[in-house]
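Reading the structure
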Amino acid sequence: MYANEDSAPSRYDLLVVGSANADLVIGVDRRPGPGETVLGTDLVVHPGGKGANQAVAAARLGARTALLARVGDDAHGLLLRASQQEAGVDTGGVLVGGAPTGVALITVDPSGDNSIVVSPGANARLTPGDIKAAGPLFAAARVVSVQLEIPLDTVAETARSLGQDTRLVLNPSPPAPLPDEVLAACDPLVVNEHEARFILGEGAGATPEEWARGLTALGPRSVVITLGADGALVSDTRAGEPVRVPSPRVDAVDTTGAGDAFTAALAWRLGLGEELAEAAAFAVRVGAAAATKEGAQASFPTAEEVAAL
């Protein structure tokens, strides 16, 4: 079921453990308020989910990538597996069955901002037992990236399953309270402003620098805070004060998946041995490039496209 020495590279640059969803996208002039109905564009179906997005984004950049996820035995599941294989992702860890494939309902306004509601489906059936059974994948990975669109106990088992020299990158989205053992394994914890404030609660502070100090105090070895068009801020307990990383200016069309592209690029470059600020400088360019096209996976750039930005 899983990759082995005969069929896989000796090491993966990145193993992504996470969700795989079908993104059902509608464009709207404005998002509806409570009790309100608005008309939108024709429905478009894209392969998505934070885990699947990160795997495709990394593979498109040139990373040797594997995905550990669960999809349904349905048309959406076929779409997701095909998109992974087309991008060059090893899908030996994509499990099938247990529930319908997860679905994300997405509205996108003219500015490119989006609102998302997720029905987890099969993602909620990715279990700690599935993680334990995937030992060969973990043993072969330089970096493991995980998100919170799968059960939290599965995320905790992922943190326990790391190889001695394997780095864990966690994007706590959608945000949820994190066990101390998971926080302590993060290197880095990758959050946006909303996620940072959720984790820190009242007294979070007013600036990204304050959030970074508060988050590192909770146990992560490093923290990255994404700041949209303003780039990112990185904080490493081994390297002193937080550092701002600017982003190139682009005309955003659709920000869906841009954060996933950022995290995937960051994780890959960390696995290559880059320092956190250097990896983040590359990742903000990848995220910016992804925001210039519609959709999630369809927007992810190649390394050549990033270099040309």
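The model shown is predicted, which means the values in this text are computed figures rather than measured ones.

Side note on a nonpolar patch on the surface
On the surface, Ile26, Leu43, Val45 and Leu79 cluster together into a nonpolar patch covering about 290 Å² of accessible area. Among the secondary structure elements, Val45 is positioned in strand E3 (residues 44-48). Taking relative accessible area as the criterion, Val45 reaches 39% and is therefore assigned partly exposed.

Considerations on the pairing of strand E12 (residues 232-236)
Where burial is concerned, most of E12 is hidden: 5 out of the 5 residues are buried. Neither face of E12 is open: one carries Ala232, Val234 and Asp236, the other Leu233 and Ser235, and all of them are buried. Here strand E11 (residues 222-226) pairs with E12 via 5 bridges, running antiparallel. Residue Thr226 lies in a different strand from E12, and its bridge partner there is Ala232. Counted along the chain from E11 to the antiparallel partner E12, the turn is 5 residues long, and its residue Gly228 has a positive phi close to 60 degrees. Where E12 lies against strand E13 (residues 243-245), 3 bridges are found, and the strand directions are antiparallel. Across the sheet, residue Ala232 finds its bridge partner in E13, namely Val245. Following E12, the chain reverses through 6 residues before pairing antiparallel with E13; Gly240 in that reversal takes a positive phi of roughly 90 degrees.

Observations regarding the packing of helix H1 (residues 50-61) against helix H2 (residues 75-87)
It is the contact of H1 with H2, at a shortest axis distance of 9 Å, that shows an interaxial angle of 20 degrees. With respect to each other, H1 and H2 are oriented roughly parallel. In the crossing of H1 with H2, the sense of the turn from one axis to the other is left-handed. Along the contact surface, H1 presents Ala52, Ala55, Val56 and Ala59, while H2 presents Ser83, Gln84 and Ala87.

Some words on the confidence of the model for the protein
Confidence in the prediction for the protein averages 91 pLDDT; 97% of positions are at 70 or higher. At the level of individual helices and strands, the protein shows its lowest average pLDDT in helix H11 (residues 303-308), which scores 82, and its highest in strand E4 (residues 65-71), which scores 98. Residue range residues 3-9 is modelled with pLDDT below 50. Its contacts to residues more than four positions away, or to other chains, number 7 contacts.

A closer look at the pattern of salt bridges
In total, this model carries 17 salt bridges according to the counting rule given. Close ionic contact of Glu36 with Arg30 constitutes a salt bridge, the shortest N to O distance being 2.5 Å. Note on Glu36: relative accessible area 31%, which makes it partly exposed. On the accessibility criterion, Arg30 (47% relative accessible area) is partly exposed. With its nearest N and O atoms 2.8 Å apart, the salt bridge here joins Glu209 to Arg244. One end of the pair, Glu209, is in helix H8 (residues 208-216); the other, Arg244, is in strand E13, and 35 residues separate them in sequence. One salt-bridge network, in which partners are shared between bridges, spans Arg167, Asp187, Asp236 and Arg238.

Some points on the nonpolar core
One broad rule of soluble globular proteins: the nonpolar side chains tend to lie buried together. Among the nonpolar cores identified, the biggest contains 46 residues, and Leu67, Val224, Phe262 and Leu266 are the most heavily contacted of them. Looking at this core element by element, the count peaks at 9 residues for helix H9 (residues 258-271). What Val224 contacts, discounting residues up to four positions off in sequence, is Pro188, Leu189, Val190, Val191, Ala232, Leu233, Val234, Phe262, Leu266 and Leu276. The next biggest cluster of nonpolar side chains, apart from the first, holds 38 residues, and it includes Val17, Ala141, Leu189 and Val191.

Section: the sheet that holds strand E9 (residues 167-171)
Spatially, 9 strands are ordered E5-E4-E1-E8-E9-E10-E11-E12-E13 in an open sheet, and the strand pairing comes out mixed. The sheet is open, and its two edges are formed by strand E5 (90-96) and E13, each paired on a single side. Along the sheet, successive strands turn relative to each other by an average axial angle of 20 degrees, direction set aside. Direction of pairing for E9 relative to strand E10 (residues 186-191): parallel, over a ladder of 2 bridges.

Topic: the packing of H1 against H9
Pairs of packed helices are described in terms of their axes, by the angle between the two and the distance that separates them. For the pair H1 and H9, interaxial distance at closest approach is 8 Å and the crossing angle is 55 degrees. On the basis of their axis angle, the class for H1 and H9 is oblique. The handedness of the crossing between H1 and H9 comes out as right-handed. The segment H1 lies against H9, with Lys50, Asn53, Gln54, Ala57, Ala58 and Leu61 engaging Asp260, Ala261, Thr263, Ala264, Ala265 and Trp268.

Parameters and conventions
- Residues numbered from 1 in each chain as written.
- Predicted model: local features only at pLDDT ≥ 70, side-chain atom pairs only at ≥ 80, totals over all residues.
- Heavy atoms only, no water.
- Patch = residues over 30% accessible without salt bridge, like charges linked within 9 Å, V, L, I, M, F, W, Y side chains within 5 Å.
- Areas by Shrake-Rupley, 256 points an atom, 1.4 Å probe, with all protein chains shown as cover.
- Salt bridge = Lys/Arg side-chain N within 4 Å of Asp/Glu carboxyl O.
- Helix = DSSP H or I, 4+ residues; strand = E, 2+ residues; numbered from the N terminus.
- Buried < 20%, exposed > 50% of the residue type's maximum accessible area, 1.4 Å probe, protein only.
- Pairing = 2+ DSSP bridges.
- Axes fitted to C-alpha atoms, helices over the stretch in contact; angles between N-to-C directions.
- Parallel < 35°, antiparallel > 145°, perpendicular 65-115°, else oblique.
- Left-handed = near helix turned anticlockwise from the far one by under 90°.
- Contact = heavy atoms within 4.5 Å.
- pLDDT = per-residue confidence, 0-100.
- Core = buried A, V, L, I, M, F, W, Y, C linked by side-chain atoms within 4.5 Å.

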